[in-house]
Structure formats: C-alpha cells, structure tokens
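# Examination of the molecular architecture
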Amino acid sequence: MRKNFKKRMIPPVLAVCLLSSFQLATAQEVDEATLEGVEVHSTSLEKYQVTTTVITAEKIKETGARNLAEALEAVPGLYMASADKNARLVRIRGAATDQTRVYIDGLPVFPLSGIASNSASDLAGIAVDNIEKIEIIKGPGPVQYGTDYKGGVILITTKDGKGPGQFQLNLAAGSDKRFDHSISYRGSDDNASYSFAAGKSKGDGYQRHSEFDKEYFDGKIKWKLGEGQNLTISGWYMNTDRDIANGIDQETGKETSSNIGWSGDTKIGGKTDVKDWRYRDFKQTNIAVQYDQKVNDRFKYDVKFYHVTDRNTLQVTNGNNVLNKTNTKQNPMLYSSDWTSSGNGMELTADWQAARNNTITFGAKYSKLDWDASDNRSLNPGGITDGGSDRRIGYYLQDSWQLDSKTNLTAGVRHDKVTQAFDNIPGKTPAELADIDDSTTDPVFNLTHQLDEKNTLRFSAGKTHNFVTAKQANGNRKDGYAVPRTEKATNQEIGWKHKLNEKASLDIAIFKNDIDNRIDRDENKIYRNIAKTEIRGVELEYNQQISKRLRGFVNYTYLKAEDTNAGVTTDAANLPDSMFNYGATYTVDKFQAALIGHYLGNVKNTDVNEVNNYGNIYKKLDSYHTVDLNFNYQENDNLSYYLHINNLFDTKYWDKYDHRGDGINFMAGISMKM
C-alpha cells in the first residue's frame, strides 16, 4: 500500500509545486484580493473546527452547475456516484450513498431515505437557481446535525430577499432537447424579507429512455417580530417524471435488461426481460415554521416544526409478457409499485454562553414518518401491501471551549433512539410484525491549534451509526432471514492548513473510518452485516490567486477501502482509488471563463456477479478524465449570458458497469432582472 500511496501522491504534489512556483513568478501582478470560491475553512460553522467546503452562489455560477449533483463534483473527498436506478448521489470519503444527510434551510431532504431505498433521492433533481451557499461537512461534525451518517452533512441555504422586490427570469436550452426555465421574486421591507422561485426543466437525456420532466417551487418569508425575535415560514415542492436508461453491454453496445421475478414477467429460456424502468409522479413537499429568539447576549434558541411528504411510482415493462401478449393480474405487461411517506418533526436548539470563552449548545429532535407501499397495482389496485412507521428521538449536548487565543476544543455527545413499527397486513407472520427498537450514544471530539499566523492543525474523532431501514428489515423478514444489526463506525481525522501568503493556501487532511457491521446486500438480494470495513484516505487542496484576473485550484483524494468478513479481506466495491480535480478562472471586465477538469481513478465492481444478457461480467471500471468549459458575460447589473460545455473532448467512459457517461453537451442561457 505504501508504494501505491507514493505513486498516487506524486502527480498532485507535482501539480501543487508547479502552481506554487508559478505564483512566486507572478507575485508582482497580484493585488490584495483574497481567495474566493470553494475553499476548505477550518473555522466555519459557528467556529466548529471541521473540514468544511463552502460553495457560494458566485462559484455555482462560475462553474456552470445546473443542479446540486453538478455543484458538488469538484469537492475533494466527494464521489458523485450513479446509484440504484441511475440516481445521482454522493459518497463522502467512501461512505455509502445513503449515509450523507442533506438539509435545505435546516429541513431534511429525502425523508424516505432512512426508511426505504433512496434510489428516488436524486441530487440532480435539486436546482441551484435559488441557492445562496452550500456547506459540506466531512468527518465528525457538530452533534446538532445528527450522528446517523458516516459520510457527512450537506447544508443548503437559500437566498433571502434584500431591498425592493425584484423579478429574475432565467431561460436556457441545450443538448438533447434540454430546456431550463425559472422565475424568482425577492425583496424585503423594514419588517420582513421574502423569496420565491419556481422553475421547470425537461429533456431527452443522453441515452435512450432517459427523458425527464421536472417542476419545482420554493419560498421563504421571514418576519421580524421584535428585537431579536424572528418568525420564518419556508417550504418547497418538487414533481418529477424520470425515465431510467437501460443497461448497456460494454462489448456489444446493446441494451441489457434485468432478470428479476417480482414484477411478474414470464420466463423465456429461464430468464425474464424486465426493462424501461421509470419514475412517475415523484413528488416531495416540505413546509416548516421556525421561531428564533435572542433572549440576551448570552442565550438564544430556535424552535422548528415541519411537515414532509414523499411519494413516487416505479414502473417497469415486462418484455417477455409484451412479446407473448400476456397481460394478466399475475403477469402484467406494465408493473407498477408505489412508495408513500408523510410525517412531522420538531427540533429545539439552544446556545448558552456560560463564560466568555465557553459556549454550550443543547437540543432535541423528534420525528415520525408513516410509510405505505403497494407492490403490484394490477393485483392490488389501490391496495396496500406493506406499511409502517419510523419514529426517532434524539438529544444532544455540546461544549465548546476557547482554551487560549490559539486553541479551541469542542466535545459533544448525542443519544438517538429509533422505533420501527409494521402494519398488520393480512398474511404477515408475528415475526414480521414485531417492532424494532434500538438506540445509540455517540461522542464527538474536536481540537484545533493555531501554530502561528500561517499554520493551523486540527484533530477530530467521533462515533456514528446507521440504523437498519424499514425496507431492509421488512425484506429480510419476508425471506426468513435475520434483521441486520446497526452499523457503528469510528471516524478520525487530522488536518493541517497552511497559508503560504495572502494569495495562496494549502490544506491536507488524513482520515480513517472503521466500520463494524456494515449493512450490505449480497448476490441473493439479502441484507447482511459485513464484520469490518476499513476506509483510509488523504485529501489535498491548493487554492491560489495567481493574478488580478486569474485564479486556480487543484485538489486530490486517495481512497483505500477494504472489507473483512469471515476472516477474508477484499477491496470494497464501487469506489475510485483516486480523484483529481483542477480548475482555472479568468476574469476581465464583464467576461469570465472557467475551465474545470475531473480525473476519476479505477473503480472496482467486485459485487457484480450476475451475467448479463450477453454472458459478460464487468469487475472494474477504467479511469477517465473529462474537461468542462464555461463562459459568462455580465452585460450590466440586470442582464447576463452564459454558455456551458461539459465533457469538452467527448471522453468515452462508464460511470457504472452498464451505464455510459454523458458525451459532450452544452447549455446556453440568459438571466434577466426586472
């Protein structure tokens, strides 16, 4: 591993050295501007010292990102993975795609993720038009955001209204018949601020059967009730129809299909032919009321109530039934299943400054989500085949000390309890109906020390967990298997931030994640525990303001993940061994151009064991390199144009063993304020 580590680290270190030497050569050109854009901050999030990346609205515009998935692509330690049904989800530092928490204005997104599958939870479905900033917490984070994740937390803050009300209209069109349109209205007066946005996005997608049609709305109103008192009402709505491209055989280039039995397709030659998967009426709503008050200079609190809904219909075509012209309740041509959840939550957070150098944060959270599922509409029109509830209660306490002018210490602890109940559906056994109760207590510790004006060290460690989901438990029980135990992990990180001068900074983080009882699905689709998973990695990031007009960045991530089960150690599947991003932005007067490159190392697919339609099994995805180019022109304060070209050199690559990555594509648009 040491030889491999040195081999992987040489290219990014050389790149940093070249950038650094270039900066020294151009020092005479550099003015007093500070670094902008995506930067790892060691003192963000209310001075809690974690590895945190902040992406501003300006950076989103600069990179040409159209959705949250694209906005996160160049962040070190993040791998934008194609998950089940080709949903775009993020893996932070090797954690699974369902182990990252996403919040919009403090409200949880994708509430179904902790109950069932999160394959419908697509980050590409979250538009960025109304986003003010995105904060990504990696590693052990503040306990107020929970400890039920191993990857990290993504906090999205939407824009506030400022000044007289103003409309903004965005119109864009591009490759594959894609159209993006949105309109927003923002403003404020002496006692309130408001922000509303609505939009629609549709297109054919790069591959056959990958069409999408999405509409969304979000809004926020904040009233000033008195000195230090505010009331905020916020909410958002999304409705998406999305087709899921069929698999492609890498050698023949022909479409593949799934050999599954639950959709009712009849077998020909011992196999089914299930294809053309699609989501219909994937709807999410979220509405919240928040009251916050600063009681005095030492104490403040906020209380939040929210209601969430999440529903979707999954449809598949049974190819053999279509071929045989069979369409019965047991063997339909079109199979449909529904997932629905709705629920309520309440959160309380308070900060008390116990002393000049000591702040205590404490709070509690309660949520209850009810879910229903209908596995086959043809057999059960309007009927429910599964259902239940997921109730969670959490308490936390965090103590932050400024030990001296250079040293900060934070220690926190959180206790979470889950109760999963299952509806008494006819045919279920007593074992299938038994409640699942579990709880965990997770400590988190963080220490930072500023060595001098240019160097800061940080260390963090913490425990995290992941309860088994209701879908995992329900599926195992139906098939007569035990319910997997709760995943538990220990996360550690040590980091160093070095400020070379006023124009350049370097950040290095070394992290490890030891996971006990990782929940995984085997070749028989049964959920099981893997005894031990070890993830080791290094993140390196360098930012530099090269001149008044030119700035650049480079970052690199190395990952090594291994599973140990029954005494046998193997490489963990579906993770790249290295990731490398670089970029440069040139600004002159009204014009700005940005070039961003992405390199993704080899991805092992050791969990792929099924032979596809053409007798092939693919155990590895080869590395690839893509380049994006973005142009922005600001005509005046109220009018701007842009052109974004993705995969400029039309690189051919696979982002899943049976899914081609997008080829060259473009998007051109105009933004007008009125």
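Keep in mind the model is a prediction, meaning the values are calculated, not measured. (Residues numbered from 1 in each chain as written. Predicted model: local features only at pLDDT ≥ 70, side-chain atom pairs only at ≥ 80, totals over all residues. Heavy atoms only, no water.)

Within the protein chain one finds seven helices and 35 strands. The 674 residues of the protein chain split such that 52% are buried. Residue pairs in contact within the protein chain that sit at least 24 positions apart in sequence constitute 63% of those at least 6 positions apart. Of the roughly 30200 Å² of accessible surface on the protein chain, a fraction of 54% belongs to carbon and sulfur atoms. (Helix = DSSP H or I, 4+ residues; strand = E, 2+ residues; numbered from the N terminus. Buried < 20%, exposed > 50% of the residue type's maximum accessible area, 1.4 Å probe, protein only. Contact = heavy atoms within 4.5 Å. Areas by Shrake-Rupley, 256 points an atom, 1.4 Å probe, with all protein chains shown as cover.)

As enumerated under the stated definition, the model contains 14 aromatic pairs in all. Measuring from centroid to centroid gives 6.1 Å for Phe580 and Tyr582, while their planes differ by 45°, and the two rings are tilted. The exposure class assigned to Phe580 is buried, which follows from its relative accessible area of 18%. Among the residues examined, Tyr582 registers a relative accessible area of 23% and is labelled partly exposed. A network of ring pairs unites the aromatic residues Phe167, Tyr185 and Tyr194 as a single cluster. (Phe/Tyr/Trp six-rings, centres within 6.5 Å; stacked < 30°, edge-to-face > 60°.)

Turning our eyes to something else, we now look at the nonpolar core. In terms of nonpolar packing, the biggest core is built from 25 residues, with Leu68, Leu72, Leu123, Ile134, Ile136 and Ile154 touching the most fellow members. Those elements that place two or more of their residues in this core are helix 4 (68-71), strand 3 (78-82), strand 4 (88-92), strand 5 (100-104), strand 7 (131-138) and strand 8 (152-158). Once residues lying within four places of it in the same chain are set aside, the contact partners of Ile134 are Thr53, Val54, Ile55, Ile60, Leu68, Ala71, Leu72, Ile154 and Leu155. Judged by nonpolar contacts, the second largest core, of 17 residues, contains Tyr79, Leu559, Ala572 and Leu621. (Core = buried A, V, L, I, M, F, W, Y, C linked by side-chain atoms within 4.5 Å.)

Moving on to helix 7 (residues 470-478). What helix 7 keeps buried is the set Ala470, Gln472, Ala473, Asn474, Asn476 and Arg477. Once helix 7 ends, the next one or two residues include Gly480, with phi positive near 80°.

Located in the positive-phi region is Asp276, a residue other than glycine, with phi close to 50°. Tracing the sequence through the fold places Asp276 in strand 14 (residues 274-296).

Let us look at the pairing of strand 15 (residues 299-318). In this structure, strand 14 lies alongside strand 15, joined through 18 bridges in antiparallel fashion. For Lys294, the partnering residue across the bridge sits in strand 15 and is Lys300. Counted between consecutive antiparallel strands, the loop separating strand 14 from strand 15 contains two residues. Both strand 15 and strand 16 (residues 334-355) contribute to a ladder of 19 bridges, which runs antiparallel. Directly across from Lys304, in strand 16, lies its bridge partner Glu347. (Pairing = 2+ DSSP bridges.)

By the secondary structure assignment, Asn581 is in strand 27 (residues 578-588). Judged by its relative accessible area of 5%, Asn581 falls in the buried class. In this structure the side chain of Asn581 is engaged in a polar contact, spanning 2.9 Å, whose partner is the side chain of His598. Once you skip the residues sitting within four places of it in the chain, Asn581 turns out to touch Glu73, Ala74, Val75, Phe553, Val554, Asn555, Gly597 and His598. (Polar contact = N/O pair within 3.5 Å; in protein donor to acceptor, adjacent residues only side chain to side chain.)

A cluster of nonpolar side chains, Trp401, Leu403, Phe445, Leu447, Phe459, Ile494 and Ile510, forms an exposed patch at the surface whose accessible area comes to about 600 Å². Along the chain, Phe459 turns up in strand 21 (residues 455-466). In this structure Phe459 comes out as partly exposed when scored by relative accessible area, which is 32%. (Patch = residues over 30% accessible without salt bridge, like charges linked within 9 Å, V, L, I, M, F, W, Y side chains within 5 Å. Salt bridge = Lys/Arg side-chain N within 4 Å of Asp/Glu carboxyl O.)

The next subject is the side chain of Asp416. Its location among the elements puts Asp416 in strand 19 (residues 407-422). The exposure class of Asp416 is buried, given its relative accessible area of 11%. Looking at Asp416, its side chain comes within polar contact range of the side chain of Arg414, at 3.0 Å. If sequence neighbours within four positions are ignored, Asp416 has contacts with Thr147, Ile393, Gly394, Asp438, Ser439, Thr440, His465 and Phe467.

Below, the discussion takes up the confidence of the model for the protein chain. With 85% of its residues at a pLDDT of 70 or more, the protein chain has an overall mean of 83. Across the protein chain, element-level confidence peaks in helix 5 (residues 319-324) with a mean pLDDT of 95 and bottoms out in strand 1 (residues 39-41) with 30. Within the model, pLDDT remains below 50 along residues 1-46, and this stretch shows 89 contacts once partners closer than five positions in the same chain are excluded. (pLDDT = per-residue confidence, 0-100.)

Right, let's talk about the environment of Gly151 for a bit. Within the secondary structure layout, Gly151 lies in the loop between strand 7 and strand 8. Overall, Gly151 belongs to the buried group, its relative accessible area being 1%. The spatial distance from the C-alpha of Gly151 to the C-alpha of Pro140 is 8.7 Å, given a sequence separation of 11 residues. Residues within four places of Gly151 in sequence aside, it is in contact with Ile92, Ala95, Gln99, Thr100, Ile137, Lys138 and Gly139.

Right, let's talk about the pattern of salt bridges for a bit. A side chain of one charge can pair with a side chain of the opposite charge if their charged atoms are brought near each other. In the structure shown here, the tally under the stated rule is 29 salt bridges. Arg280 is the salt-bridge partner of Asp243, the closest N and O atoms lying 2.8 Å from each other. With Asp243 in strand 13 (residues 229-243) and Arg280 in strand 14, this pair connects stretches of sequence that are 37 residues apart. Of the residues examined, Asp243 reaches a relative accessible area of 12% and is grouped as buried. Each of Lys512, Asp514, Glu534 and Arg536 takes part in a single network of salt bridges with overlapping partners.

Turning our eyes to something else, we now look at the pairing of strand 10 (residues 178-188). With nine bridges connecting them, strand 9 (residues 166-174) and strand 10 associate as antiparallel partners. Counterpart to Phe167 in the pairing with strand 10 is Tyr185. As defined by bridge partners, strand 10 adjoins strand 11 (residues 192-203) across 10 bridges and the pair is classed as antiparallel. Paired with Arg186 across the strands is Ser195, a residue of strand 11.

A separate point is the environment of Phe459. The spacing of Phe459 and Ile510 is 51 residues in sequence and 9.8 Å in space, taken between C-alpha atoms. The contacts of Phe459, once residues within four sequence positions are left out, are Phe445, Asn446, Leu447, Glu493 and Ile494.

To continue, consider the environment of Leu433. Position of Leu433 relative to the elements: it lies in helix 6 (residues 430-433). Among the residues examined, Leu433 registers a relative accessible area of 22% and is labelled partly exposed. For the pair Leu433 and Asp423, spaced 10 residues apart in sequence, the C-alpha to C-alpha distance is 6.9 Å. When near neighbours in sequence (up to four residues on either side) are disregarded, Leu433 contacts Phe422, Asp423, Asn424, Ile425, Lys428 and Arg477.

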